[in-house]
Amino acid sequence: MTIEIEDRVTLFTDQFTRVREEIGKVIVGAEEIIDGTLIGLLAKGHVLLEGIPGIGKTKIVATVADVLHLNFSRIQFTPDLMPGDIVGSNVVHETDQGEKVLKFEKGPIHTNILLADEINRATPKTQSALLEAMQEQTVTVGTTTHKLDPPFFVLATQNPIELEGTYPLPEAQMDRFFYKLRIMYPEPEHMHEIMDRTTKREEPIAETVLGRDEILAMRDTARDIPIARPVQDYAIRLTLATHPDTSHAHPMSKQYVRYGASPRGTQTLVVGGKVNALLNGRLHVSCEDIRSMLLPALRHRMMLNFEGEAERIDTDEILHAIMKDTPEPAE
Amino acid sequence: MPLGNNSSERLVISSLLEKVDRQFRLNCILDHFSVTVCFVFATLLTVKILGMLVNIWAPPTLIVVATSAAFLIVFLIGTQYGARHLGQAAAVADDAGRLNDELKSAYWFMRQTHNNIWTDAQVHRASQTARGLKAKRLVPTIIPQRLWIAAMLGGVLVSLQLVPPGPPLLAFTNVSVDPSSLTEAQEEQFEEIRNLVDQAQILEETTAEEDQISADAQERLEEAMRALEADQLTMEELLRELREAQNLLEEGNLEMSAMQEALEDLARDLEGSSELSELAEAMKNQDLAEAAEMMRRLAEQLSQMDGQQLAEMAEQLQQAAQGDQASMEELMQALQEAAEAMSDEQVAEAMQAMQEAAEAMEGMSQRMDAQEMMNQAAQQMQAMQQSMSQEQLAQQMMSQQAMASDQAGESQEGAMAMPSDEVQKTAASGDMGNPSQEGGPAGHATSDAIEDAEMQLGAPTTLEVQLEMEVLADEEESPEEAPDPEDIFQESSRQETARVEYRNVRSLQNYAEGSALGVEQIPWRYRNLVKRYFLAIRPRENQ
C-alpha cells in the first residue's frame, strides 16, 4: 500500500512537471504564475490573474487550456455583458412538429476552463453571475439548476491600472478566487527569449499532455495529503493575524486592516500547501508550504481600512510582516 | 514492503527524538551553567573591586557560589527534567536537518489513534529519514562562549586575590576603621578607659552589687575592640558603640545624685547634736570614708557617755533614720537600730549597729569611687568621640573643598575660610579632642590632617570670633530673644565682609552641630532615664 501511495505521488509529480514543461515551451519567465495556476486548478480553485496589458495573461490561460485536454471558453467582459450571456438562457425553440418550447441554451460558462478576460470591466451584476458557478459548480437559470462538468476552472484576468469604466470585484467575488496572482513585467533576458519565440514565422505550440480524468485523479491525490495539527495551527495563526480584532492580530493588521481573511483563506492555505507538498515529493504539509501559499491565497482576501488605503499600503507588505513575525510551532 | 506505521518504525523515530532531546537538554544545561558561572564570577569580581575601592560588606565567596549553585539546580530541575517534549525535539531536529517538518508531522501522526494509509506512509518515510540521521550531528554539543568569558573573569578574580589587602582606594565618610587608623593618642585613650573601667569593676565587685554597670560597659568595649581589630566596624558604628558604652557608664550617676542628696539631708538632720556634728560635716562633704571612721570612733565612745547624751544622740539618729532614702537603705536601717539601742541604753547593741552603719558608709564610699572612675572613663570616651568625629569631619571637609576647588577653580584661601564653629575648631586645633588633657595626645590626633588642610587650603579665618561678637551684640540689645542662626550666618554676608561660600558652611555647620551635641544618639530606651536624671539634678525650689 505504501508503494501505491509512493506511485501516486510520483505520478502526480511527473504529470505536473510535464504540464509545466509543456507550458514553458510557450510562456517564458512566468514559472510562479504557471505553478500558481496549476495549483489552483488541482486544488479545485479559481485563479485571478492581475497584470498590466500585454504581459501575457491571456496567453498563459490559453496555453494552459491547450495543454489540458479540457473544454475551454473565453468571455471578454464588457460593461454591456449580461449574466445571460455567461450562464445561458431559455430561448424559444420550434420543434419539428411546429411546437414552440423554451429550451435552455448553455452559455460559455458550461465548460471546463473558463477564461474571464478583463473581468472587472463587467458590471457587478454580471460579475455576480459567476458566484454560484465558482462556489457550487452549478448554474441556476429560472427554476432549473444545471450542474457544471468537473473540472470547472475559472481563470480571470484584470488590469489594475485602468480604472475608468471598470467595476472592482465585490468582496464575495474576490473571496471565491483561490489565488490572486500578480504577473510582473518580464526580466530582460526573458524578453529576449520572448522576442526570439514570437517574432518568427512559426510560434511554439504546446501539446496536450493531460486529460480530464488525470486532472481529477490529481485533485483527489492532493486532497489526500495529511497535515499535522501543529502545521494546521500555524496556518490558522497566520490567517488570524490578518484580523485586526483578534488576540493573534499583527500590529500592522491592527493599524491598516479593516477585515481580515476569511476561513476560506485558511482552506486555501492548507489545500495549496498540500499540492505544494506533493510537488516537492512530500507526504506531509510543512510550514514552508503554508508560507509559500500565503501571498497569493490571502492578498485579495484582506480589506484595508481608510488609513491603509490613504497610505497606499499593499496587503503583501502586511502579509510579509505577518510571515516574519508569526513563529513556527515549537512542537 | 511492510505497512509504514508499525512499531519498529515508531521506535526508530522515538529513539532519534529522545537522543535529540537529550542533546538539546545537555546544550540547555551547558548554556544555563555558563550563565550561572558568568554571573557568579562577575558578582565576585564586582564585590572584590568594590571592596578595593570602598569599604563594603562582602558576602563570603562560599555563600555566593552555594546560592548560585542552588538556584541553578532548582532552575534546571524545574525546566529541564519536567515532562518530556519529544515534539519539541522533533521541531529541533527538523530545523537542524532541514527536514521541512517531516519528523514533527510524523511524531504528531504517531500520537493519533485514527490514522490512514497516507499518515502511515508519512511515518514510514520519516522513519527511513530518521535511520539516516545522527542525533549528535543534528544537535551537536555546543560549549557556550560564555564559559570562555567566565574563565577570563575567573582569571581576573584569581589575580585580584593575589593583590595584598590594603585600605580602600576611595575614602568616603562611611569608612571602616582598622586598628592602624587609630592614632597613638586614641589607642592610649582606649587603654586608659579600659583601666578606669577595670578599677571601677574591682570596686563594684567589693560592694557585691548585683547590677554591675562597669562589667556591661567593659563587655561592650571589648566587643567594639574585637570588631575593630577584625576590620568589621565603620567609623559611625565605632562612635555609636562608644556612645552606648558611655551611656552605660553614666547610668549610675542618677543613683549617685540621689545618694548625695540623701547624704546632705542626713547631714542636716545630724547637725543638731554636738557629738554628731563632725560626722555630719564629713557627710556634708561627701567624704564617706571619713564619716565611717568617725562613726567607729563614736561607737567606741558610747560606753563613756551618760544616759542623757545617749538619749540625745538616739533622738538625732532616730530623726535622721526617718528619711525614706532607697539609695542607702542599709545605712538607714543601721542608724535606726543604733538609735533604738541607745534609747534602751543597750550600749553593746548600739555599738554593733554603729559598726554596721560605718560598714554601710564604706560600701557607699566605694560605690561613689567606682562611679567616679566610670565618669572619668565616660569623659575619656566623650573626648575620644569628639576627636574621632572631628577627624572624620576634617577629612570630609578636605574632600569637599578639593572637589569645590576642582570644579570652581577658586582660590584655596577662599575655600578654607568657610567652616562653621565646629569645623574651625577641628581645623584650627586639636584641643577639643581631649578636654581633660589639653594639648595632650588627643590634640595631635588630627594634627597631620589639619596641617595638610592648612597647607592646601590656607589658614582659617576669624569668622568664629566675628560671629560670637555679633551674637553678644544681639543679646545686649534684646536679651530675651535668642539669636536666629540664620542671622548669624547671613550677617557677614550682609556686611559684605564674608569671604566664604555660605552654601557649604550651612551643611557643614549642621553636621558639626549634630555631631557635637550627640543628642540624637540617645537610644529611646534610655530617654526616660536621662529625663529622670536631669529631673533629679535640677535645682530645688528652696535652694
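Quick caveat, the model's predicted, so the values are computed rather than measured. (Residues numbered from 1 in each chain as written. Chains lettered and ligands numbered in written order. Predicted model: local features only at pLDDT ≥ 70, side-chain atom pairs only at ≥ 80, totals over all residues. Heavy atoms only, no water.)

A.B. asks: Hey, could you run me through the overall build of chain B in this one?
C.D. replies: Of the regular secondary structure elements, chain B holds 23 helices and 0 strands. Looking at chain B residue by residue over its 543 residues, the buried ones come to 43%. Taking the contacts inside chain B whose residues are at least 6 apart along the sequence as the reference set, 75% of them involve residues at least 24 apart. A total accessible area of about 29,700 Å² is found for chain B, and carbon and sulfur atoms account for 52% of it. (Helix = DSSP H or I, 4+ residues; strand = E, 2+ residues; numbered from the N terminus. Buried < 20%, exposed > 50% of the residue type's maximum accessible area, 1.4 Å probe, protein only. Contact = heavy atoms within 4.5 Å. Areas by Shrake-Rupley, 256 points an atom, 1.4 Å probe, with all protein chains shown as cover.)

A.B. asks: Honestly, the overall build of chain A in this entry has me stumped. Any pointers?
C.D. replies: Along the backbone of chain A there are 15 helices and 13 strands. Looking at chain A residue by residue over its 331 residues, the buried ones come to 53%. Of the contacts made within chain A by residues no fewer than 6 positions apart, 75% connect residues no fewer than 24 positions apart. In the structure as shown, chain A presents an accessible area of about 15,600 Å², 50% of it carried by carbon and sulfur atoms.

A.B. asks: It is not clear to me how the packing of aromatic side chains should be interpreted in this structure. Could you clarify?
C.D. replies: Two aromatic rings, taken as a pair, are described by how far apart their centres are and by the angle between their planes. Within this structure, the stated rule accounts for 3 aromatic pairs over all chains. With centroids separated by 6.5 Å and ring planes inclined at 15°, the aromatic side chains of Phe-12 of chain A and Phe-16 of chain A adopt a geometry described as stacked. Here the residue Phe-12 of chain A and the residue Phe-16 of chain A both occupy positions in helix H1 (residues 2-26), the gap between them amounting to 4 residues, near one helical turn. Residue classification places Phe-16 of chain A among the buried residues on the basis of a relative accessible area of 2%. Between Trp-108 of chain B and Phe-109 of chain B the ring centres are 6.0 Å apart and the planes differ by 70°, which places this aromatic pair in the edge-to-face class. We note that Trp-108 of chain B, like Phe-109 of chain B, is buried. (Phe/Tyr/Trp six-rings, centres within 6.5 Å; stacked < 30°, edge-to-face > 60°.)

A.B. asks: Would you mind showing me how to read a negative patch on the surface here?
C.D. replies: Residues and elements named next belong to chain B. Together, Glu-329, Glu-330, Glu-337, Glu-340, Asp-344, Glu-345, Glu-349, Glu-356 and Glu-359 make up a negatively charged patch on the protein surface. Broken down by secondary-structure element, the contributors of at least two residues to the negative patch are helix H15 (329-343) and helix H16 (347-408). Looking at the element boundaries, Asp-344 is found in the loop between H15 and H16. Residue classification places Asp-344 among the exposed positions, given a relative accessible area of 52%. (Patch = residues over 30% accessible without salt bridge, like charges linked within 9 Å, V, L, I, M, F, W, Y side chains within 5 Å. Salt bridge = Lys/Arg side-chain N within 4 Å of Asp/Glu carboxyl O. Lys, Arg positive; Asp, Glu negative; His and termini not counted. Charge placed at Lys NZ, Arg CZ, Asp CG, Glu CD.)

A.B. asks: Explain the interface of chain A and chain B to me, please; I cannot follow it from the model alone.
C.D. replies: You'll often see interface size given as the accessible area lost when the parts meet. Across the contact, 28 residues belong to chain A and 23 residues belong to chain B. The junction of chain A with chain B conceals about 2,100 Å² of combined surface from both sides, 65% of it contributed by carbon and sulfur atoms. Taken together, the connections running from chain A to chain B amount to 1 salt bridge. Two residues, Arg-125 of chain B and Glu-6 of chain A, come together in a salt bridge whose shortest N-O distance is 2.9 Å. For the interface between chain A and chain B, the tally reads 7 residue pairs in polar contact (both at pLDDT 80 or more). Elements with a contribution of two residues or more to the side of chain A that touches chain B: H1, helix H9 (212-224), helix H10 (229-240) and helix H13 (287-298) of chain A. At 6 residues, H1 of chain A tops the list of elements feeding residues into the side of chain A that touches chain B. (Buried area = accessible area lost by both parts, 1.4 Å probe. Polar contact = N/O pair within 3.5 Å; in protein donor to acceptor, adjacent residues only side chain to side chain.)

A.B. asks: How should I be thinking about the sheet that holds strand S1 (residues 47-50) of chain A in this particular structure?
C.D. replies: Strands pair in a sheet through their backbones, by hydrogen bonds, and they do so in one of two ways: parallel or antiparallel. Residue and element names in this part refer to chain A. Within the open sheet, the 5 strands sit side by side as S3-S6-S9-S1-S10. Their pairing is parallel. The open sheet is flanked by strand S3 (72-76) and strand S10 (179-182), the only strands paired with a single partner. Neighbouring strand axes in the sheet, compared pairwise and without regard to direction, differ in orientation by 20° on average. Judged from the 4 bridges that link them, strand S6 (residues 113-117) and strand S9 (residues 153-158) form a sheet pairing that is parallel. Opposite Ala-116, over in S9, you have Ala-156 as the bridge partner. (Pairing = 2+ DSSP bridges. Axes fitted to C-alpha atoms, helices over the stretch in contact; angles between N-to-C directions.)

A.B. asks: Just to check I follow, could you spell out a nonpolar patch on the surface for this structure?
C.D. replies: Together, Ile-149, Met-152 and Val-156 of chain B make up a nonpolar patch on the protein surface, roughly 270 Å² of accessible area in all. Here Val-156 of chain B is to be found in helix H7 (residues 146-162).

A.B. asks: Even after reading the chapter, I still don't get the pairing of S3 of chain A, so can you show me in this structure?
C.D. replies: Put simply, side chains in a regular strand alternate between the two faces of the sheet. Residue and element names in this part refer to chain A. Here S3 shows a buried face lined by Ser-73 and Ile-75 and an unburied face lined by Phe-72, Arg-74 and Gln-76. Pairing of S3 with S6, which is carried by 5 bridges, proceeds in the parallel orientation. When the bridges of S6 are listed, Arg-74 appears paired with Leu-115.

A.B. asks: Help me out: how do you make sense of the pattern of salt bridges in this one?
C.D. replies: Any two side chains of opposite charge can pair, given that their charged atoms come close. All names here are of chain A. Taken as a whole and judged by the stated rule, the model has 24 salt bridges over all chains. With its nearest N and O atoms 2.8 Å apart, the salt bridge here joins Arg-20 to Asp-35. Of the two residues, Arg-20 is situated in helix H1 and Asp-35 in helix H2 (residues 31-42); the sequence distance between them amounts to 15 residues. The closest approach of N and O atoms between Glu-50 and Arg-182, which form a salt bridge, is 3.5 Å.

A.B. asks: When you look at H15 of chain B in this model, what are you seeing that I'm missing?
C.D. replies: Because each turn of an α-helix spans 3.6 residues, side chains separated by three or four positions in sequence point in the same direction. Here H15 of chain B spans 21 Å end to end across 15 residues, near enough to the 21 Å set by a 1.5 Å rise per residue. Of the residues trailing H15 of chain B, Glu-345 of chain B is marked for its positive phi of about 55°. (Expected span 1.5 Å × (residues − 1).)

A.B. asks: I'm lost on the packing of helix H14 (residues 307-321) of chain B against H15 of chain B in this one. Help?
C.D. replies: Relative placement of two packed helices is described by the angle separating their axes and the distance separating the axes. Residue and element names in this part refer to chain B. Where H14 meets H15, the axes come as close as 8 Å, and the angle between the chain directions of the two elements is 150°. Relative to H15, H14 is oriented roughly antiparallel. Like other packed secondary-structure pairs, H14 and H15 cross with a definite hand, here left-handed. Between H14 and H15, the contacting residues are Leu-310, Met-313, Ala-314, Leu-317, Gln-318, Ala-320 and Ala-321 on the first element and Met-332, Leu-335, Gln-336, Ala-338, Ala-339, Glu-340, Met-342 and Ser-343 on the second. Per-class residue counts for the contact of H14 with H15 are 11 nonpolar, 3 polar and 1 charged. (Parallel < 35°, antiparallel > 145°, perpendicular 65-115°, else oblique. Left-handed = near helix turned anticlockwise from the far one by under 90°. Nonpolar A, V, L, I, M, F, W, Y, C, P; charged D, E, K, R; others polar.)

A.B. asks: In this structure, what is going on with unusual backbone geometry? I would like to understand it.
C.D. replies: Phi is mostly negative for residues that are not glycine, and the peptide bonds are mostly trans. The step from Pro-150 of chain A to Pro-151 of chain A runs through a cis peptide bond, and the omega angle for that step is -10°. Positionally, Pro-151 of chain A belongs in the loop between strand S8 (144-147) and S9. Located in the positive-phi region is Arg-312 of chain A, a residue other than glycine, with phi close to 55°. By the element assignment, Arg-312 of chain A lies in the loop between helix H14 (306-310) and helix H15 (315-325). We classify Arg-312 of chain A as exposed; its relative accessible area is 74%. If you check the backbone angles, Arg-98 of chain B has positive phi at about 50° while not being a glycine.

A.B. asks: What's the story with the environment of Leu-240 of chain A in this structure? I'm lost.
C.D. replies: On the secondary structure map, Leu-240 of chain A appears in helix H10. When near neighbours in sequence (up to four residues on either side) are disregarded, Leu-240 of chain A contacts Thr-246, His-248 and Ala-249 of chain A.

A.B. asks: What should I look at first to understand the pairing of S1 of chain A in this one?
C.D. replies: All names here are of chain A. Every second residue of S1 is oriented toward a common face, with Val-47 and Leu-49 on one face and Leu-48 and Glu-50 on the other, all of them buried. Two strands pair when backbone bridges link them, and S1 and S9 are joined in this way by 4 bridges, in the parallel orientation. Looking across to S9, one finds that Leu-49 is bridged to Thr-157. Strand direction decides the pairing type here: S1 and S10, joined by 4 bridges, are parallel. Each bridged residue has a counterpart across the sheet, and for Leu-49 the counterpart in S10 is Leu-181.

This is a description of form; function is not addressed.
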